[in-house]
Amino acid sequence: MISVSLQCFGLLLFASVALATHLNYDISTYTTTMTSLLSNYSSKVRPIVNQGQSLQLQLSLWIAGINDVSDVDSKMTTTGYLYVRWKDELLNWDSTATGMFWMQFNQKDIWVPDIVLKNGFTDFKMMGGDFYYLYVYNDGWVAWYPYKVFETSCELDVTYYPFDRQTCNIIVKSWSYSRWEVNFTFNDPKIGFDEFVPNSIWHLDSYDATTDYSQESTDIKFILKLKRKSQYFIINLVIPIILVGILNIFVFVIPADAGEKMGFSVTIFLTFAVFLTIVSGELPKTSDSISILSIYLIIELGISISSIMASALQLRIHHRKSTQEIGKGFRILIRAAERLRCKGKAGGAVTGCCPKPCGKQIHVKELTVRKRENTLKVDSSALEEDEEEGKEWSDVSSAIDFLAFFGLIFFQLLVTIILFSYAAASG
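Values in this document were obtained by computation on a predicted structure and should not be read as measured data. (Residues numbered from 1 in each chain as written. Predicted model: local features only at pLDDT ≥ 70, side-chain atom pairs only at ≥ 80, totals over all residues. Heavy atoms only, no water.)

Caption draft 1: Up close: the overall build of the protein chain. Along the backbone of the protein chain there are nine helices and 13 strands. Counting only residues that meet the buried cut, the protein chain has 39% of its 427 residues in that class. Sequence-distant contacts, at least 24 apart, represent 75% of the contacts inside the protein chain between residues at least 6 apart. Taken as a whole, the protein chain presents about 24,500 Å² of accessible surface, with 59% of it coming from carbon and sulfur. (Helix = DSSP H or I, 4+ residues; strand = E, 2+ residues; numbered from the N terminus. Buried < 20%, exposed > 50% of the residue type's maximum accessible area, 1.4 Å probe, protein only. Contact = heavy atoms within 4.5 Å. Areas by Shrake-Rupley, 256 points an atom, 1.4 Å probe, with all protein chains shown as cover.)

Caption draft 2: Summary view of helix α6 (residues 292–318). Between the first and last C-alpha of α6 there are 38 Å, a value that for 27 residues agrees with the 39 Å anticipated at 1.5 Å per step. The opening residue of α6, the one whose side-chain oxygen lies 3.1 Å from the backbone nitrogen of Leu293, is Ser291. (Expected span 1.5 Å × (residues − 1). Polar contact = N/O pair within 3.5 Å; in protein donor to acceptor, adjacent residues only side chain to side chain.)

Caption draft 3: Looking closely at the nonpolar core. Core analysis: the biggest nonpolar cluster contains 71 residues, and Leu59, Leu82, Trp86, Ile115 and Phe222 have the highest contact counts within it. The dominant element in this core, judged by the number of residues it contributes, is strand β1 (residues 55–70), at seven residues. Residues contacting Trp86, with those up to four places away along its chain left out, are Pro47, Leu55, Gln56, Leu57, Trp111, Val112, Pro113, Leu134, Gly140, Trp141, Val142 and Trp144. Membership of the second largest hydrophobic core comes to eight residues, among which are Ile317, Ile326, Ala337 and Ile400. (Core = buried A, V, L, I, M, F, W, Y, C linked by side-chain atoms within 4.5 Å.)

Caption draft 4: Region of interest: the side chain of Asp88. Position of Asp88 among the secondary structure elements: in the loop between β2 (75–87) and α3 (95–98). The buried charged residue Asp88 lacks any salt bridge partner; its closest oppositely charged side chain belongs to Lys87, at an N-O distance of 10 Å. In contact with Asp88, other than residues within four places in its own chain, are Tyr41, Pro47, Gly140 and Val142. (Lys, Arg positive; Asp, Glu negative; His and termini not counted. Salt bridge = Lys/Arg side-chain N within 4 Å of Asp/Glu carboxyl O.)

Caption draft 5: Inspection of the sheet that holds strand β11 (residues 219–228) at higher detail. Strand order in the open sheet formed by four strands is β4-β8-β11-β10, with antiparallel pairing between adjacent strands. Each edge of the sheet is formed by a strand with only one pairing partner; in this case those strands are β4 (115–117) and β10 (202–212). Each strand of the sheet is rotated relative to its neighbour by a mean of 20 degrees, with strand direction disregarded. (Pairing = 2+ DSSP bridges. Axes fitted to C-alpha atoms, helices over the stretch in contact; angles between N-to-C directions.)

Caption draft 6: A look at the packing of aromatic side chains. Per the counting criterion, the structure on display carries 18 aromatic pairs. Seen in terms of ring centroids, Trp86 and Trp111 are 5.8 Å apart; in terms of plane orientation they differ by 90 degrees. Their pairing is edge-to-face. Pair noted here: Trp86 is in strand β2 and Trp111 is in the loop between β3 (102–106) and β4, with a separation of 25 residues, a long-range link. The residues Trp86 and Trp111 share a single accessibility class, namely buried. Plain terms: the ring middles of Tyr296 and Phe420 are 4.9 Å apart, the flat faces sit at 65 degrees to each other, and that makes the pair edge-to-face. Of this pair, Tyr296 sits in helix α6 while Phe420 sits in helix α9 (residues 393–426), placing them 124 residues apart in sequence. (Phe/Tyr/Trp six-rings, centres within 6.5 Å; stacked < 30°, edge-to-face > 60°.)

Caption draft 7: Seen up close, the pattern of salt bridges. Counting across every chain of the model gives five salt bridges. Residue Asp219 is joined to Lys118 by a salt bridge in which the shortest nitrogen-to-oxygen separation is 2.6 Å. You can see Asp219 sitting in strand β11 and its partner Lys118 sitting in the loop between β4 and β5 (133–137), a full 101 residues away along the chain. Given the relative accessible area of 4%, Asp219 is considered buried. One salt bridge connects Arg165 with Asp205, and the closest N-O pair in it is separated by 2.5 Å.

Caption draft 8: Layout of the confidence of the model for the protein chain. Per-residue confidence for the protein chain averages 80 on the pLDDT scale, and 79% of its residues sit at or above 70. Counted against residues more than four places away or in other chains, residues 359–383, with its pLDDT under 50, gives 22 contacts. (pLDDT = per-residue confidence, 0-100.)

Caption draft 9: Local environment of helix α2 (residues 27–38). Taking 1.5 Å of rise per residue, the twelve residues of α2 would be expected to cover 16 Å, and the 17 Å separating its terminal C-alpha atoms lies within 8% of that figure. Listing the buried residues of α2 in full gives Thr33, Met34 and Leu37. Down the axis of α2, the buried side of the element spans an arc of 95 degrees, and every buried residue falls inside it. Those residues of α2 that are exposed and aimed more than 90 degrees away from the buried face are Ile27, Thr32, Thr35 and Ser36. The inward-facing, buried residues of α2 contact α3 and β3. (Arc of directions from axis to C-beta.)

Caption draft 10: How the structure looks around the pairing of strand β6 (residues 141–144). With four bridges joining them, β2 and β6 adopt antiparallel strand pairing. Within β6, the position partnered with Arg85 by the bridge is Ala143. Once β5 ends, the chain turns through three residues before running back antiparallel as β6, passing Gly140 with a positive phi of about 100 degrees.

Caption draft 11: Highlighting the side chain of Lys173. Among the structural elements, Lys173 can be located in strand β8 (residues 165–174). Judged by its relative accessible area of 9%, Lys173 is buried. Polar side-chain contacts of Lys173 include one of 2.9 Å to the side chain of Ser217. Contacts of Lys173, omitting those with residues within four sequence positions, involve Asp114, Ile115, Val116, Lys118, Phe184, Gln215, Ser217, Thr218 and Asp219.

Caption draft 12: Structural context of the packing of helix α4 (residues 231–249) against helix α5 (residues 261–282). Direction vectors running N to C along α4 and α5 enclose 160 degrees, while the axes themselves pass 10 Å from each other. The orientation of α4 with respect to α5, classified from their angle, is roughly antiparallel. By crossing handedness, the relation of α4 to α5 is classed as left-handed. Here Leu237, Pro240, Ile241, Val244, Gly245, Leu247 and Asn248 of α4 lie close against α5, whose contacting residues are Phe264, Ile268, Thr271, Phe272, Phe275, Ile278 and Val279. The residue inventory of the contact of α4 with α5, partitioned by class, reads eleven nonpolar, three polar and no charged. (Parallel < 35°, antiparallel > 145°, perpendicular 65-115°, else oblique. Left-handed = near helix turned anticlockwise from the far one by under 90°. Nonpolar A, V, L, I, M, F, W, Y, C, P; charged D, E, K, R; others polar.)

Here it is in structure tokens:
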């Protein structure tokens with residue numbers, strides 16, 4: 001009983017679906033109508049009665065996905081199809097008599113526009129193919145859906161990489177016909193995204209479509225404005241480079257007696273060289289735009305080279321004999337480092353960057369010994385000279401470490417903040 005009921009329900013459902021469609025005709029009617037329409041038809045002639053007029057084509061782009069944007073090749077790969085409509089004045093029939101509101105014609109049997117991809121990256125050929133079937137309605141309107149993987153050239157500006165925005169175009173045109181023979185207009189919407197799959201690296205920020213009538217034929221330009229998703233590059237590229245840059249400064253924390261200064265400096269230099277190779281491999285070989293990240297790496301390489309040179313000089317100074325006199329310039333370095341570290345002079349006096357006593361030191365301004373006949377004043381410069389007589393070459397080395405460490409920290413923070421803030425704000 002249940003099976004009989006299910007069979008009856010299936011028959012009723014099939015009958016309702018069949019009656020709801022307009023396909024109420026037999027194969028002979030379909031064949032006869034198609035043969036009659038194609039009997040005096042030529043696919044090589046524009047399907048318009050007045051050949052002096054321009055055939056109007058309505059066109060839109062439906063994007064299924066942005067597959068890839070290659071920085072090295074300056075290429076964008078997009079998957080989608082065009083929706084093209086035009087009125088074929090030679091293909092129309094009486095839908096009441098035949099019971100048919102639309103038919104399907106093979107692309108090679110009727111006229112289709114020779115639409116090509118103007119800024120294609122590799123191949124240059126007409127869109128569509130012999131296996132395509134077009135929908136033709138009884139009033140002559142034709143709907144064509146040529147599907148394609150669009151490989152288009154795209155001039156990339158990598159100045160703000162990896163915070164960059166790019167504008168890439170898909171340009172199509174009729175290769176053989178002028179706009180006085182075939183003219184393009186837009187469907188609504190100009191660009192559709194019904195089956196669009198988001199890209200993991202690029203975000204579609206905005207889009208538009210324009211027509212270019214500056215040449216003999218009409219160019220249709222579909223404009224896609226993309227923004228790079230920078231999270232991956234920040235975590236895997238930018239942050240490691242900044243951290244290695246900070247590590248580069250700590251070469252001046254390693255004591256000269258440890259014997260690891262030069263090895264540490266050279267290792268950091270080679271690390272930056274590897275990073276520069278990685279970044280250069282991701283960017284196009286062009287002189288039109290230079291990435292801020294590449295500039296930052298060059299600056300870091302310069303800092304690393306300066307660290308190697310300073311370390312070499314420092315080791316040379318550190319191992320000088322104690323009998324060799326310390327020059328005036330080196331004594332100035334020692335004095336500057338001591339004042340910045342708040343180490344006082346003889347008697348605990350402190351000058352320079354420390355306006356107040358450091359710790360619980362006693363600040364003695366002047367020592368005056370007065371006698372009955374004359375007054376003896378202690379010359380502060382003489383005290384300094386006496387104090388500096390006990391300095392050694394290791395003190396010079398220590399002063400270089402101190403001044404270079406804090407000087408490079410300031411320079412490193414300044415360069416990092418300025419460059420990456422500018423790139424993030426402008427990209």
